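Structural features, examined
Residue-level listing of the chains:
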Amino acid sequence: MPKHMILNLFIHGRGHHEAAWRHPKASPLPLSHIQYFQGLAQRAEEGLFDSIFLADQLALGPDVDSAPRTWLEPLTALGAIATATSKIGLIATASTTYTEPYNLVRQLASLDHISNGRIGWNVVTSWSVPAAGNYGDGAQVSHDIRYAKAREYIEIAKALWASWDADAIQDDRAAGRYARADGIRPINHKGEYYAVTGPLNVPQSRQGRPVLIQAGSSETGRDFAATHAEAIFTAHLEKAAAQAFYTDIKARVRQKGRAEDQALVLPGFSPMIGSTEAEAERLTREINDLADPEVGRTRMSGRFGGHDFSHLPMDTPLSPEDFPDPDTVQAARSRTAVIVDLVRREKPTLRQLLSKLAGARGHFTFAGTPDQVADLMQDWIEDGAADGFNLMPPVLPYMLDVFIDEVVPILQKRGLFKTEYQGDTLRDHYRLNMP
Ligand SMILES: Cc1cc2nc3c(=O)[nH]c(=O)nc-3n(C[C@H](O)[C@H](O)[C@H](O)COP(=O)(O)O)c2cc1C
């Protein structure tokens, strides 16, 4: 029996390609319109996707004049998406660096009730330098301290969600007993960064607590993921790197005494699908022609914490010396390593590099027929590179529709993807144990 793959739809702008928002087949709806998100989630639910995911940054991008850099705050949006769907899991990004644990844990617990147990939390430490300018004293918190705070934060979150027994609410009108007091406990946390007494003032949800997802791939990020994450989002530009990451994470998960299948690895995958290979390549060329390399240059600078790349010529081959050492980057460290590794391997010009990153910001892009897309996904699943995919359609809803209509039936025919939902919660879909 082949391994069933997990499919998560990563909703980002009007698609993951940098120029998707200009594409004639991208949604005509404004990006602040909730029906845009509800419609995509409903479509993904028709396609039996296990979950959708909304990313988040806590600052306006510097180039909003030439690219859409606004969206709805994910927790708020998920509240509305939850009421428009009934099965699909709903994952929101929220930051451990710039929110108080009690607030966020409560919001996520509430959403888990609103959605009847379908919430996941993408735990991020927020790498963006401009985000720091919107909180506290405005200085960026270092990579090490961000992860130290995140470690303490997640222990608090787990403790707060466990501060209620599943059956603590009795709601016994006749006996005048609303809740069983001995089933609700304070957590009395006093740590280096936070003091939280608890208990939570929201009861336990149907799936015990929201599913924990993590997306950092640095050394510290991997250790954090192996300890806590039930699913891991990750970005790779080639299969060998995805396999190495998969092997490494699963070994770390085992070392932490956890079962491998309780930490799913979901690499990003952005397929441009055509009825022939030539058509898929033409679609890719057409959208690449809409992309502005200067938008890509600004975006890349942000990943490297604001490093100035303005002096680099567009058409001269690059070398790793043109970039800061990723180990010293305080921003999106592992993604900067993905970029510098590509430069070391392929020596692209800046224009070629930016065109590659325009596809899906350092995630795996591919152009091919539905059968070729299915072959690739099957190969990654069977060859130790993935437990499923974070599907990142280059144009939304266009390439999501093509994927659901053309690729999903092939995966189902091969026994690689379900033909109906097997349960109701995100934990059910991801086959994760109750905490
Ligand atoms: C699929 C994916 C989605 C991500 N979404 C967000 C996000 O919404 N907000 C954010 O601040 N970081 C996001 N990140 C970045 C990670 O949380 C992390 O900061 C980054 O990968 C660098 O990790 P590292 O510092 O451990 O190398 C995402 C990463 C991946 C792979």
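What you see is a predicted model; the values in this text were computed from it and never measured.

With that settled, the discussion passes to the overall build of the protein chain. Counting its regular elements, the protein chain contains 14 helices and 13 strands. In terms of C-alpha radius of gyration, the protein chain reaches 22 Å, essentially the compact-globule figure of 22 Å for 435 residues. Across its three principal axes, the protein chain shows a C-alpha extent of roughly 75 × 50 × 45 Å. Expressed as a percentage of the 435 residues in the protein chain, the buried residues total 47%.

Moving on to the site of the ligand. Inspection of the region around the ligand gives 24 residues, with A55, G216, S218, G221 and S334 positioned closest. Those elements that provide at least two residues to the shell around the ligand are β4 (119-124), β10 (231-234) and α10 (333-346). In terms of residue count, α10 provides more of the shell around the ligand than any other element does, 3 residues in total. Residue composition of the shell around the ligand, grouped by class: 7 nonpolar, 14 polar and 3 charged.

Where strand β1 (residues 6-11) meets strand β13 (residues 388-391), 4 bridges bridge the pair, whose relative direction is parallel. Bridge assignment links L7 to a residue of β13, and that residue is F389. Pairing between strand β11 (residues 264-273) and β13: 2 bridges, direction parallel. From the neighbouring strand, G268 faces β13, where its bridge partner is N390.

Once that is clear, we can look at the nonpolar core. I52, L78, I213 and I232 are the most contacted members of the largest nonpolar core, which has 125 residues in total. With sequence-adjacent residues up to four places away left out, L78 is seen in contact with L54, L90, A92, L111 and I119.

A separate point is the pairing of strand β3 (residues 89-95). In terms of burial, β3 is a largely internal element, 7 of the 7 residues being buried. Both faces of β3 are covered, namely the face carrying G89, I91, T93 and S95 and the face carrying L90, A92 and A94. Relative to β3, strand β2 (residues 51-54) runs parallel, the two sharing 4 bridges. Paired with F53 across the bridge in β3 is I91.

Another aspect to go through is helix α11 (residues 350-360). Taken residue by residue, α11 has L350, L353, L354, L357, A358, G359 and A360 as its buried positions. Two residues or fewer past α11, R361 is found with a positive phi of approximately 55 degrees.

Put simply, helix α5 (residues 143-161) and helix α6 (residues 219-228) touch, their axes get as near as 11 Å, and they point 5 degrees apart. Here α5 is positioned roughly parallel relative to α6, judged by the angle of their axes. Of α6, the residues touching α5 (which contributes Y147, A150, R151 and I154) are T220, F224 and H228. Tallied by class, the residues present in the contact of α5 with α6 amount to 4 nonpolar, 2 polar and 1 charged.

In this model helix α3 (residues 101-114) runs 20 Å from its N-terminal to its C-terminal C-alpha over 14 residues, within 8% of the 20 Å that 1.5 Å per residue would give. Among the residues of α3, P101, L104, V105, Q107, L108, A109, L111 and D112 are the ones counted as buried. Contacts made by the buried residues of α3 are with α2 (74-84), β3, β4, α5 and β8 (195-196). N116 sits one or two positions beyond α3 and adopts a positive phi of about 65 degrees.

The subject of this paragraph is the packing of α6 against helix α7 (residues 239-255). Any two packed helices are characterised by the angle at which their axes cross and by the distance between the axes. Two numbers describe how α6 lies on α7: the axes approach to 8 Å, and their chain directions differ by 50 degrees. In terms of orientation, α6 lies oblique with respect to α7. At the point where α6 passes α7, the crossing takes the right-handed sense. Listed contacts from α7 to R222, D223, A225 and A226 of α6 are D248, I249, R252 and V253. Here the residues of the contact of α6 with α7 sort into 4 nonpolar, no polar and 4 charged.

What follows concerns the environment of G274. Following the sequence through the fold, G274 ends up in the loop between β11 and α8 (277-290). On the basis of neighbour count, G274 is assigned to the buried category, with 20 C-beta atoms found within 10 Å. Linking G274 and V373, residues 99 residues apart in sequence, is a C-alpha distance of 10.0 Å. Beyond its immediate sequence surroundings of up to four residues, G274 is in contact with E279, A280, L283 and T369.

Before going further, it helps to examine the environment of G221. Mapped onto the fold, G221 is located in helix α6. Taking the C-beta count within 10 Å as the criterion, G221 has 21 such neighbours and is therefore assigned buried. Taking the C-alpha atoms as reference, G221 lies 9.6 Å from R333; in sequence the two are 112 residues apart. Sequence-distant contacts of G221, that is, excluding residues within four places in its chain, are made with G216 and S334.

Each neighbour pair has its own omega, and for G198 with P199 the value is -5 degrees, a cis peptide bond. Summarising the element assignment, P199 is placed in the loop between β8 and β9 (211-214). Cis geometry marks the peptide bond from L396 to P397, where omega comes out at 0 degrees. You will see that L48, though not glycine, has its phi angle at about 65 degrees, which is positive. Along the chain, the position of L48 falls in the loop between α1 (34-46) and β2.

Reading guide: rules and limits
- Residues numbered from 1 in each chain as written.
- Predicted model: local features only at pLDDT ≥ 70, side-chain atom pairs only at ≥ 80, totals over all residues.
- Helix = DSSP H or I, 4+ residues; strand = E, 2+ residues; numbered from the N terminus.
- Rg over C-alpha atoms; globule rule 2.2 N^0.38 Å.
- Buried ≥ 20, exposed ≤ 12 C-beta atoms within 10 Å, placed from the backbone.
- Near = placed C-beta within 6 Å.
- Nonpolar A, V, L, I, M, F, W, Y, C, P; charged D, E, K, R; others polar.
- Pairing = 2+ DSSP bridges.
- Core = buried A, V, L, I, M, F, W, Y, C linked by C-beta atoms within 7 Å.
- Contact = placed C-beta atoms within 7 Å.
- Axes fitted to C-alpha atoms, helices over the stretch in contact; angles between N-to-C directions.
- Parallel < 35°, antiparallel > 145°, perpendicular 65-115°, else oblique.
- Expected span 1.5 Å × (residues − 1).
- Left-handed = near helix turned anticlockwise from the far one by under 90°.

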